[in-house]
Amino acid sequence: MDIALRVPELLHAHELRTHINKMPLLSCEFLQRHKELRLAHLVLSMMTMGYVWQEGEDERIEKLPCNLAVPYWEVSQRLGLPPVFTHADGVLANWRKKDPEGPFNIENLELLVSFPGGESARGFFLVTLLVELAAVPALRKIPTVINGVRHGDTEAVAGALEDISQSIEDMTERLKLMRAYVEPAVFYGIMRIYLSGWKDNPCMPKGLVYEGVQTEPMEYSGGSAAQSSLLHCFDELLGVKHEAKNGSFLTRMRDYMPPAHKQFIQDISMQPSLRSFVQQQASDRLNQAFHLCATKLLAFRSYHINVVSQFITVPAARARQHRHQSQEKEGGVISNAPSALEERGTGGSSIMSFLKTVRDQTKDVFLAGTTNGIKHNS
């Protein structure tokens, strides 16, 4: 745990690999409770990403040492998670309240462990956590929607959809905090590489060998917002369908979620169609509630595209401009970012085309005659 707490410091000094190479082979036999395993996965994930990317693109490694790889693999197998840093690690399992009795807001939260990036790293993970928290009321209403559809209760379904719409709007409001708490140059130039995996990544085209686990390299995507179960749940509930390439990527991202989250999404997908139910009912309130829910989901995705543009697309353009020039401090930070990731997400997707296509496919769920006035940016 000591090394994990010192990851930013040791990476800055280029000493993390040296410290990890000197570690004994860690034993997992005393890890029994789920929370203990999740904390172990978080800590081992942070150490692994730091080990792999300590020298950026310049000094790539092909093998994770067995004293880290073996316990990481064992913990991952027991949790049903992959041996790579995931959204479930950095966001869902990486926080605590400073004052246990205090409010659940960013001022009263702190990270357990972090990557380099200082306050921007803290802000990135905690704002994302607040987005997740804003969705909790919506997730709790999904069974109400499903039961209402099964029993033909239009009022119950409409009321639950109205509540879900409010939660999605709250998610968008929380996401807006990203601009206040995270500096784009720091996220792009310092943090982002540590979220990157070794699948669909030109920096590591062969993947990574987990020494002591198997001799052939393995490929895993890095941490990605697509690994959050939230939008997967809403898509399945509303009936949003994604074309083959994007749909395949999103389905693969479910393998990076805690098994219970993946199962919840699967359970929603197997229920009677909400959209068909709405079409069959002569209820203005129900139609309006469904339309509002889809509209809020579309708005969230549109705003997310704007955030990605500010934190990835614009800095990537600046990096290309400054890479071979001597620039001011901020330009230098941006130009240090890995060039291989300029057009890709840390999960391996071609990021802007992916996000815009997924956003546009959300519009297909609207019922005939209800799309007037729908607007989006980008």
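The rules we used
- Residues numbered from 1 in each chain as written.
- Predicted model: local features only at pLDDT ≥ 70, side-chain atom pairs only at ≥ 80, totals over all residues.
- Heavy atoms only, no water.
- Phe/Tyr/Trp six-rings, centres within 6.5 Å; stacked < 30°, edge-to-face > 60°.
- Buried < 20%, exposed > 50% of the residue type's maximum accessible area, 1.4 Å probe, protein only.
- Helix = DSSP H or I, 4+ residues; strand = E, 2+ residues; numbered from the N terminus.
- Polar contact = N/O pair within 3.5 Å; in protein donor to acceptor, adjacent residues only side chain to side chain.
- Contact = heavy atoms within 4.5 Å.
- Axes fitted to C-alpha atoms, helices over the stretch in contact; angles between N-to-C directions.
- Parallel < 35°, antiparallel > 145°, perpendicular 65-115°, else oblique.
- Nonpolar A, V, L, I, M, F, W, Y, C, P; charged D, E, K, R; others polar.
- Core = buried A, V, L, I, M, F, W, Y, C linked by side-chain atoms within 4.5 Å.
- Salt bridge = Lys/Arg side-chain N within 4 Å of Asp/Glu carboxyl O.

1. Looking at the packing of aromatic side chains
Within the structure shown, the criterion is met by 10 aromatic pairs. With 4.9 Å between their ring centres and 55° between their planes, Trp95 and Phe104 make a pair best called tilted. Look at Trp95 and you get partly exposed, because its relative accessible area is 30%. Judged by its relative accessible area of 29%, Phe104 is partly exposed. When the centroid spacing of 5.2 Å and the interplanar angle of 70° are considered together, the rings of Phe124 and Phe125 count as edge-to-face.

2. Thoughts on the side chain of Asp89
Within the element layout of this structure, Asp89 appears in helix 6 (residues 87-92). A distance of 2.8 Å separates polar atoms of two side chains, one belonging to Asp89 and the other to His41. For Asp89, the contacting residues outside a window of four places in its chain are His41, Leu42, Ser45, Val84 and Asn94.

3. Thoughts on the packing of helix 7 (residues 118-134) against helix 9 (residues 154-175)
Interhelical geometry of helix 7 versus helix 9 gives an angle of 170° and a closest axis separation of 8 Å. Regarding the angle of helix 7 to helix 9, the classification is roughly antiparallel. Residues Val127, Leu130, Val131 and Ala134 of helix 7 pack against Ser167, Asp170, Met171, Arg174 and Leu175 of helix 9. By residue class, the composition of the contact of helix 7 with helix 9 is six nonpolar, one polar and two charged.

4. What about the nonpolar core?
Of all hydrophobic cores here, the largest spans 117 residues; its most connected members are Leu161, Ile164, Met171, Trp198, Phe234 and Leu274. By residue number, the principal contributor to this core is helix 16 (residues 284-322), which donates 16 residues. Non-local contacts of Ile164, meaning those with residues more than four positions away in its chain, are made with Ala138, Lys141, Ile142, Val145, Phe234, Leu237 and Cys293.

5. Let's talk about the packing of helix 12 (residues 229-238) against helix 14 (residues 259-269)
At their nearest, the axes of helix 12 and helix 14 sit 8 Å apart, and the two run at 10° to each other. Overall, the two elements helix 12 and helix 14 adopt an arrangement that is roughly parallel. Across the interface between the two elements, Ser229, His232, Cys233, Glu236 and Leu237 from helix 12 touch His261, Phe264, Ile265, Ile268 and Ser269 from helix 14. Residues that form the contact of helix 12 with helix 14 fall into these classes: five nonpolar, four polar and one charged.

6. Looking at the pattern of salt bridges
Counted by the stated rule, this structure contains 17 salt bridges. For Arg6, the salt bridge is made with Asp2, and the minimal N-O distance between the two is 3.8 Å. Arg78 is paired through a salt bridge with Glu74; the nearest N and O atoms lie 4.0 Å apart. Of the two residues, Arg78 and Glu74 are both situated in helix 5 (residues 66-79); the distance of four residues between them amounts to about one turn of the helix. Relative accessible area serves as the criterion here: at 37%, Arg78 is assigned to the partly exposed category. Each of the salt bridges in this network shares a partner with another, and the network as a whole consists of Asp2, Arg6 and Glu9.

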